[in-house]
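Architecture at a glance
Chain by chain, the residues run as shown.
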Amino acid sequence: MSNKYKILLIEDEANIQTFVSALLEADGYQVICTQSCSGGKMLFSSHIPDLVVLDLGLPDGDGMDLLKHIRTLSAVPVIVLSARSDEKDKVTALDLGANDYVTKPFGPAEFVARVRSALRNVRRNVENSRFILGNLVIDYDARTITIDDKEIKLTQTEYNIIALLSQHSGKVMTYSAIISAIWGYNDSGSIKKLQVNMANIRKKFGAVPGKESYITNELGVGYKMNESVR
Ligand code: CA
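Residues numbered from 1 in each chain as written. Predicted model: local features only at pLDDT ≥ 70, side-chain atom pairs only at ≥ 80, totals over all residues. Heavy atoms only, no water.

**Some details on the layout of surface pockets**
- Put simply, the largest pocket is a space of about 340 Å³.
- As for the largest pocket, its lining consists of 16 residues, and the residues nearest its centre are Ala113, Arg114, Ser117, Lys224 and Asn226.
- Elements represented by at least two residues in the lining of the largest pocket include exactly α5 (108-119) and β14 (215-218).
- With four residues, α5 is the largest single contributor of residues to the lining of the largest pocket.
- Residues that form the lining of the largest pocket fall into these classes: three nonpolar, five polar and eight charged.
- Residues lining the lining of the largest pocket come from more than one domain, with at least three contributed by each of domain 1 (6-119) and domain 2 (130-225). (1 Å grid on protein atoms, 1.4 Å probe; cavity = no way out; pocket = protein on both sides within 12 Å on 5 of 7 lines; lining within 4 Å. Points joined across faces, edges and corners; volume = space filled by probe spheres on them. Helix = DSSP H or I, 4+ residues; strand = E, 2+ residues; numbered from the N terminus. Nonpolar A, V, L, I, M, F, W, Y, C, P; charged D, E, K, R; others polar. Domains from an automatic or database assignment.)

In structure tokens form, the structure reads like this:
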């Protein structure tokens, strides 16, 4: 088993470090641990991990700074771990390039599922310039979206939003990241504009409770194109 994914865990609370590393090892991952920002920096460079689990509150600095540092070096998936349930922190971490955000306390099954999802190639659903998710198919060349082989008539903006989310499937994109990518600027009316577009898309997709869910709305944070349908 030399083919194990290597996960760097940066967490200063001993009981959480033990808990998380046991969880990951039980799932077949190789885990490297450190309790500090400086240790994280060092181990990141020397081990080149496949994924990083990063606690925000560390004794020798802010995990956000370490996240920034990692992003200057690599696009490795980063899951941020934090006791803070503040939405602002989630948004900051995601905007700095975190792939996911887990608030303590968290359930073991959910945590491992998020690790698995972050490790999957984000382009897994894409083949021959098509994105496929359940019955939803996006054809990037033709710029069309079909559900159950029926074409969904979207405006240019609506299509652009869906294409963008699909290209980052499995990752929450913050409101401001989506707005900058679609409109190129952020102003006070932008979030409202995005929400109106999303509401129209939802309507056109025929989203009803219990039906296949393609997009998750993380309230106050952003939107995510799911990687698999529930
Ligand atoms: Ca901590």
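**What to know about the pattern of salt bridges**
- Summed over all chains, the structure comprises nine salt bridges.
- With a closest N to O distance of 3.1 Å, Lys104 and Glu11 form a salt bridge. Taken as a pair, Lys104 in the loop between β7 (100-103) and α5 and Glu11 in the loop between β1 (6-10) and α1 (14-26) lie far apart in primary sequence, 93 residues in all.
- On the accessibility criterion, Lys104 (14% relative accessible area) is buried. (Salt bridge = Lys/Arg side-chain N within 4 Å of Asp/Glu carboxyl O. Buried < 20%, exposed > 50% of the residue type's maximum accessible area, 1.4 Å probe, protein only.)

**Quick look at the nonpolar core**
- Residues Leu136, Leu165, Phe205, Ile215 and Met225 are the most contacted members of the largest nonpolar core, which totals 26 residues.
- The element that contributes the greatest number of residues to this core is helix α6 (residues 156-167), accounting for six residues.
- Listed in part, the 20 residues of the second largest apolar core include Leu43, Val78, Ala98 and Tyr101. (Core = buried A, V, L, I, M, F, W, Y, C linked by side-chain atoms within 4.5 Å.)

**Observations concerning the coordination of the calcium ion**
- Asp12 (OD), Asp55 (OD) and Gly57 (O) make up the full set of protein donors to the calcium ion, lying at 2.2 to 2.4 Å.
- If you list the donors of the calcium ion from N- to C-terminus, the spacing comes out as D-x42-D-x1-G. (Donors = N, O, S within 2.8 Å, 3.2 Å for Na, K, Ca; no water.)

**Quick notes on the environment of Ser74**
- Here Ser74 shows up in the loop between α3 (63-73) and β6 (78-82).
- Given the relative accessible area of 22%, Ser74 is considered partly exposed.
- Ser74 sits 26 residues away from Ile48 along the chain, and the two C-alpha atoms are 9.3 Å apart.

**Comments concerning the packing of α6 against helix α7 (residues 175-183)**
- Relative orientation of the contacting elements α6 and α7 amounts to 125°, with a least axis distance of 10 Å. As the angle between them shows, α6 and α7 are arranged oblique. When the axes of α6 and α7 are compared, the crossing they make is right-handed. Touching Thr157, Asn160, Ile161, Leu164 and Leu165 of α6 are Ile178, Ala181, Ile182 and Trp183, all from α7. (Axes fitted to C-alpha atoms, helices over the stretch in contact; angles between N-to-C directions. Parallel < 35°, antiparallel > 145°, perpendicular 65-115°, else oblique. Left-handed = near helix turned anticlockwise from the far one by under 90°. Contact = heavy atoms within 4.5 Å.)

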